[in-house]
Amino acid sequence: MSAAVTERVCGRVSWSGSRILALLGAALAIGAPLRTMYYLSDVVGDPTLFLALAALSFVGATLLARVLRPPLAVGVGSVLFAGGLVAYILSLSTNPAVTDLLGDTAALLTGRSLLQIAKVRLWVLSFAPAPVFLTWYFALRRWYVTATVAAGTALAFFALTTDAGVVTTLLGVVGIAATIGFGTLDTLSADEPADLTKRPDAMTGGDATEHPDDGGEGIDAGRRAVLEQLAAIIVVPAALSQVPITRDSLLSYDDGSEGQTVEGSLFDAGESLSVQGSISLTPEIRYTVESEEPRYWRVASYDRYTGNGWVRTGTPRPYGDQRLDSPPGETRTLRQEFRAESTIGTVPAAWKPVRYSGGPSVSVSSEGGFQPDGTLSTGDSYEVRSELLVATPDGLREAGTDYDDATVELYTQLPDSTPDRVEERTAILTANAENPYETALVIERWLQDSKGYSLDVDRPGFNVADAFLFEMDEGYCVYFATTMVTMLRTQGIPARMTVGYTSGQRIDENEWVVRGLNSHAWVEVYFPGQGWVQFDPTPSGPREEVRQQRIEDANADGPSPTVGDGNPVEQYTPSDTSTPAPLTETNGTETEPTETPTATETDTPTSTTGASDTDEETELRLPALPSREEMTLGVVALLGIAAGARRSGLSERAYRAVWLRYQRRVDPETDVERAFQRAMYVLARDHRNRKSGETVRAYLDAIEADDRVQRLAALRERLRYSGDVSEAMADEAVGIADEIVSDR
């Protein structure tokens, strides 16, 4: 771009350091919500279009900054926002309900994640241009506060929806503070000279003719305000970093166990689930269940994979005692009665539940299960009737791949950043599989055979499924289930992550005790004409050994727990370690699946590590290096402190304090001149500055300087007129200056 064009677009501006730093702050302020939107876009598809729109918004703001008046710019931003909103609403349905839209908006502002919106990618594309354009336009116009309003509003929205993480939020706060602070300095510099104080003349070799009478204390109110704003760069992030930012939580599950528990890692996230690192097991009893057969007691499923966790999309609806839909295939009925043995916030049931009665009010989740509207107290009970799928291996093999578009879109989604090697490895492993059912069996059994079970793992810092598949030898149920779902989705097979409890400890013919340590995660795969079928890739034997050991340890530490009316649970009876078979003949008798096709052998990692009860072990770990975001935050904070201190006079005063009290010896001539300047600075602060044209002797007589100062002035006069100064004279001059400074 030529100089003439640059001047026409940007105008004649003074690109001071303050302005450059203010613009960098504005870029960081809007960059924080942009980072969040990029993450949202990456989770649900290719973020290239989003990046293109953001870049066009920046370019448009740059080109229009000098030719478009602010009211028109606000109009352009409003049109961009309104147009995006209309496009998003029209995409929801042919006749979108305004009440539904308002309900979703209210939910977003009270902690619901945008990832729970089905069309989040379109939402991001519709929302992004307006705040980017307005922030950068007003920053270039030097309307810095207005610029931060646009960026801050976007950041606050994402903080309310919990989509902006702690570091991202802090970076945005730093950017806003830096924009206001440096922007105010830039404005002050444009209105008047920024030279607040002059250093003593020893710095330049001249006479001390101009010194502030107050020793540098004359900082005007505007610059004091700037200093306060720059202080926010440190104070605000430091304060916010002490505030836990969490998603909506059902219960804390604080049962005294050390560290995070399996149950807490599955259910504390509410509508979302973040994969944790090392966790422990809690033997606390949660439910007693009456049922004619043991099942996996399902709590919820998650459909959207983010790379490091799961989210459930859709909005729950009230349950009005109506019968829910049964699976599309042949089913049989199972009645279950649950009694809460502690305060808890879930209503488990065998899949697929169709009726609920007798307990606290519930809602129907988007995937068709029940979830409580509040919490269950100890003693609360409810009854559920479920329709269990009756399917055969042959029927599932013949189910085909005639999926509807909505199922494919929702249950084959993967983050665009998922490495290609996950799909390539899965394709090799399942090369001999002839249908989705066989593909699921191969993946399930390969994970069971090749990976070990352990609760003591280091959470990977990148895609969990990719890390578990290629970099890890062992993990627990969440890792196994996440990886299997991801592998299936790379092959275009609809699958979802499901959490709940295994059947538990049998204490009577048709009664089971379900503990916190029965918390589990598994996989559900969709088959046309049949519905969702359960698979469990976690090896059951090692898992059950760890649970049994944990209960024995708990029983050794205290009395046996009780349930119901005080009946003790004295002995641990392991659950059926196999996955409750979803495949049965129509008469209810179980059948074995046919032989699993052999997977093509590859250089896949194997593990010979057995299970180990490591939930109470401790390990010394070195502190992690700061992330790029944390390093960026630190650099910006340091720049803000340095610039604010310099422009407000703090750095000048600090330098002067050191210069005044410490004199490094150089040579007699330099030492005498420096000692004289130090003494003159103290006299100017205590009395007045030397007037222009006033001789040193006249000045000293006017302020009635003592004999020491007169002697120092005589030594300096000898230096200036004869140039003959000895080392002893220099020592005397420095000593006099030190005395004068120390007396003050």
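Placed above this text is the structure.
### Considering a negative patch on the surface
- On the surface, Asp402, Asp404, Asp405 and Glu409 cluster together into a negatively charged patch.
- Of the residues examined, Glu409 reaches a relative accessible area of 55% and is grouped as exposed.

### A word on the side chain of Glu367
- Tracing the backbone shows Glu367 in the loop between strand S9 (362-364) and strand S10 (370-372).
- Not counting the four nearest positions on each side in its chain, Glu367 is found in contact with Arg298, Ala300, Ser301, Arg312, Trp351, Tyr411 and Arg496.

### Side note on unusual backbone geometry
- With an omega dihedral of 10°, the bond running from Trp351 to Lys352 counts as a cis peptide bond.
- With respect to the element layout, Lys352 can be found in the loop between strand S7 (331-340) and strand S8 (353-357).
- The phi angle at Arg142 is positive, at roughly 70°, despite the residue not being glycine.
- Residue position: Arg142 is located in the loop between helix H7 (129-140) and helix H8 (144-160).
- Under the relative-accessibility criterion, Arg142 is labelled partly exposed at 27%.

### Some remarks on the sheet that holds S9
- Overall, antiparallel pairing links the three strands, which are arranged S6-S9-S10 in an open sheet. Each end of this open sheet is capped by a strand with a single partner; those strands are strand S6 (317-318) and S10.
- Across two bridges, the pairing between S6 and S9 is antiparallel. Opposite Arg317, over in S9, you have Val364 as the bridge partner.

### Looking at the environment of Ala139
- Looking at where Ala139 falls in the secondary structure, it is placed in helix H7.
- Relative accessible area serves as the criterion here: at 0%, Ala139 is assigned to the buried category.
- C-alpha of Ala139 to C-alpha of Gly25: the two residues are 114 residues apart in sequence and 9.4 Å apart in space.
- With sequence-adjacent residues up to four places away left out, Ala139 is seen in contact with Leu23, Ala26, Tyr144 and Ala147.

### Details of H8
- Relative to the 24 Å expected for 17 residues at 1.5 Å per residue, H8 spans 24 Å between its end C-alpha atoms, a close match to the ideal helical length.
- Positive backbone phi, approximately 70°, marks Thr162, located one or two places after H8.

### Here's the deal with the nonpolar core
- In this structure, Tyr476, Leu488, Met497, Val525 and Phe535 are the most contacted members of the largest nonpolar core, which totals 80 residues.
- The element that contributes the greatest number of residues to this core is helix H17 (residues 477-490), accounting for nine residues.
- When near neighbours in sequence (up to four residues on either side) are disregarded, Leu488 contacts Thr439, Ala440, Ile443, Ile493, Ala495, Val523 and Val525.
- Membership of the second largest hydrophobic core comes to 30 residues, among which are Leu700, Leu715, Val725 and Ala733.

Scoring rules and cut-offs
For every chain, the first residue of its written sequence is number 1, and the numbers climb from 1 along that sequence. Selection of residues for local features in this predicted model requires a pLDDT of at least 70, selection of side-chain atom pairs for listing and counting requires 80 or more, and totals for whole chains, interfaces and linings are taken over all residues. Computation of side-chain values: all heavy atoms of the structure, hydrogens and water removed. Think of a patch as exposed residues, more than 30% relative accessible area, with no salt bridge, where like charges cluster within 9 Å and nonpolar side chains (Val, Leu, Ile, Met, Phe, Trp, Tyr) cluster within 5 Å. Using the Shrake-Rupley algorithm and a 1.4 Å probe, accessible areas are obtained, with residue cover drawn only from the displayed protein chains. Salt bridges, as used here, are contacts in which a Lys or Arg side-chain nitrogen is within 4 Å of a carboxyl oxygen on Asp or Glu. None of His or the chain ends enter the tally, which takes Lys and Arg as positive and Asp and Glu as negative. For charged residues, the charge sits on one atom: NZ in Lys, CZ in Arg, CG in Asp, CD in Glu. Three labels apply to residues, based on accessible area from a 1.4 Å probe with only protein chains included: buried if under 20% of the type maximum, exposed if over 50%, partly exposed otherwise in between. Elements are defined by DSSP. Helices are runs of H or I of four residues or more, strands are runs of E of two residues or more, and each kind is numbered from the N terminus. Residue contacts are defined here by distance: any two heavy atoms, one from each residue, within 4.5 Å place the two residues in contact. One bridge is not enough; two strands pair if DSSP finds at least two bridges between them. In this analysis, the expected span of each helix is defined as 1.5 Å times one less than the number of residues it contains. Put simply, buried Ala, Val, Leu, Ile, Met, Phe, Trp, Tyr and Cys residues joined by side-chain atoms within 4.5 Å make one nonpolar core.

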